[in-house]
Amino acid sequence: QKATPVKSQYNISSDSLFAPFEFQDSSKKYVGIDVDLMNAISQDQGFNIKMNFVGFQTAVDQTLANQADGMIAGMSITDERKKVFDFSEPYFTANSTIVVKEGNDKVKSYEDLKGLTVGVKNGTASQDFLEKNKDKYGYKIKVFDTADTMYESLNTSSIDAFMDDEPVVKYAIKQGRKFSTPIKPEKIGEYGFAVKKGSNPELIEMFNNGLAELKDNGQYDKIVDKYVGDNK
Ligand code: GLN
């Protein structure tokens, strides 16, 4: 079943820094799994997009305010979000994990976070998890708008730990960040492309059709391998 575009261009909001899903390369051009997937899907399905890398919470706000037609931002499909968003088929699976500085041997469980400050990005599933378990474990939460400031805060020890998606943390470690992940990760849901509930139904359909096509023709694997392949 082929869907056809209704708009001459779709504005797609995304995170500003969520490597390897969206980040700027050495020439400041945005690249990453989400970017390449979105471009390949729009090409395959014959619709035009403009991607805006505004940050996670802003992408959520814009999509819900009809200022963006949809969003792709390594966004976990959660029951909470399903109340206000329609999601595509999942395109990636990722858990979320607590991160401490490499060499920190004091934090081995959530209980060890008692009295410590844990950073998290605004609007994320990790933030939800931390808020829900705050009283149980007795940590403080510090909310950040972007990953780079959060990562630097751990480096300078102005926070003791942070929580972020596992593939993003693994990628950061591969890039040379001195981080470790001592606690078993949490399941927070698979990633999906999202529109505001009830809007742009053709966009979800085209995304799903394009994703299926990319999985069939090997392009999906190529894109993922390019950023998180074993040889990377
Ligand atoms: N997967 C997480 C979420 O949906 C984090 C996404 C992000 O930081 N871009 O909340």
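For the structure itself, look to the data block above.
### With respect to the nonpolar core
Alright, step 1. The biggest cluster of nonpolar side chains holds 47 residues, and the ones touching the most others in it are Ile12, Met38, Tyr91, Phe92, Phe162 and Phe193.
Alright, step 2. When contributions to this core are tallied by element, the ones reaching two or more residues are strand 1 (10-14), helix 1 (33-45), strand 4 (49-53), strand 7 (92-101), helix 5 (147-155), helix 6 (166-174), helix 7 (201-216) and helix 8 (219-228).
Alright, step 3. Among the domains, domain 1 (10-91 + 192-228) and domain 2 (94-188) are the pair contributing at least three residues each to this core.
Alright, step 4. With residues up to four places along the chain from it excluded, the contact list for tyrosine 91 reads Asp34, Leu37, Ile72, Ala73, Gly74, Met75, Tyr191, Gly192, Phe193, Phe207, Leu211 and Tyr220.
Alright, step 5. The next biggest cluster of nonpolar side chains, apart from the first, holds 15 residues, and it includes Ile98, Val100, Tyr110 and Leu113.

### As for the environment of alanine 65
Alright, step 1. Among the secondary structure elements, alanine 65 is positioned in the loop between helix 2 (56-64) and strand 5 (70-71).
Alright, step 2. Note on alanine 65: relative accessible area 43%, which makes it partly exposed.
Alright, step 3. For the pair formed by alanine 65 and glycine 46, sequence separation is 19 residues and the distance between their alpha carbons is 26 Å.

### With respect to unusual backbone geometry
Alright, step 1. Residue proline 20 is reached from alanine 19 by a cis peptide bond, and omega for that bond is 10°.
Alright, step 2. For proline 20, the location among the structural elements is in the loop between strand 1 and strand 2 (23-24).
Alright, step 3. Of note, serine 157 is a non-glycine position whose phi angle comes to about 60°, a positive value.
Alright, step 4. Within the secondary structure, serine 157 is located in the loop between helix 5 and strand 10 (161-165).

### Side note on the packing of aromatic side chains
Between two aromatic rings, the relevant description is the distance of the centres plus the angle of the planes.
Alright, step 1. In total, this model carries 18 aromatic pairs according to the counting rule given.
Alright, step 2. Ring centres of phenylalanine 23 and tyrosine 171 lie 5.8 Å apart, and the angle between their planes is 50°; this geometry places the pair in the tilted category. Of this pair, phenylalanine 23 sits in strand 2 while tyrosine 171 sits in helix 6, and the two are 148 residues apart along the sequence.
Alright, step 3. Residue phenylalanine 23 is classed as buried on the basis of its relative accessible area, which comes to 12%.
Alright, step 4. Here tyrosine 30 and phenylalanine 53 contribute two aromatic rings whose centre-to-centre distance is 3.8 Å and whose plane-to-plane angle is 10°, an arrangement assigned as stacked. Here the residue tyrosine 30 occupies a position in strand 3 (residues 30-31), and phenylalanine 53 occupies one in strand 4, the gap between them amounting to 23 residues.
Alright, step 5. Of the aromatic side chains, those joined through ring pairs into one cluster are Phe18, Phe21, Tyr91, Phe92, Tyr191, Phe193 and Phe207.
Alright, step 6. Lysine 215 extends its terminal NZ or CZ atom over the ring of tyrosine 220, reaching a point 5.0 Å from the ring centre.

Definitions and limits used
Every residue gets a number counted from 1 within its own chain, in the order that chain's sequence is written. Since the coordinates come from a predicted model, pLDDT governs what is reported: local features require at least 70, and pairs of side-chain atoms require 80 or more to be given and counted, while whole-chain, interface and lining totals use all residues. Each side-chain value is worked out from all heavy atoms of the structure, with water and hydrogens disregarded. Take the buried residues of types Ala, Val, Leu, Ile, Met, Phe, Trp, Tyr and Cys, join any two whose side-chain atoms come within 4.5 Å, and each joined set is a nonpolar core. The buried label applies to any residue whose accessible area, calculated with a 1.4 Å probe on protein chains only, is under 20% of its type's maximum; exposed applies above 50%, and partly exposed to all values in between. Secondary structure elements follow DSSP: runs of H or I of four or more residues count as helices, runs of E of two or more count as strands, with numbering from the N terminus. Residue ranges assigned to the domains are those given by an automatic or database domain assignment. When checking whether two residues touch, look at their non-hydrogen atoms; a contact exists if any pair is within 4.5 Å. Paired rings are identified among Phe, Tyr and Trp, the last through its six-membered ring, by centres lying within 6.5 Å, and are further divided according to the angle between planes into stacked (under 30 degrees), edge-to-face (over 60) and tilted (the rest). Any Lys NZ or Arg CZ that is within 6 Å of a ring centre and within 35 degrees of that ring's normal is treated as a charge sitting over the ring.

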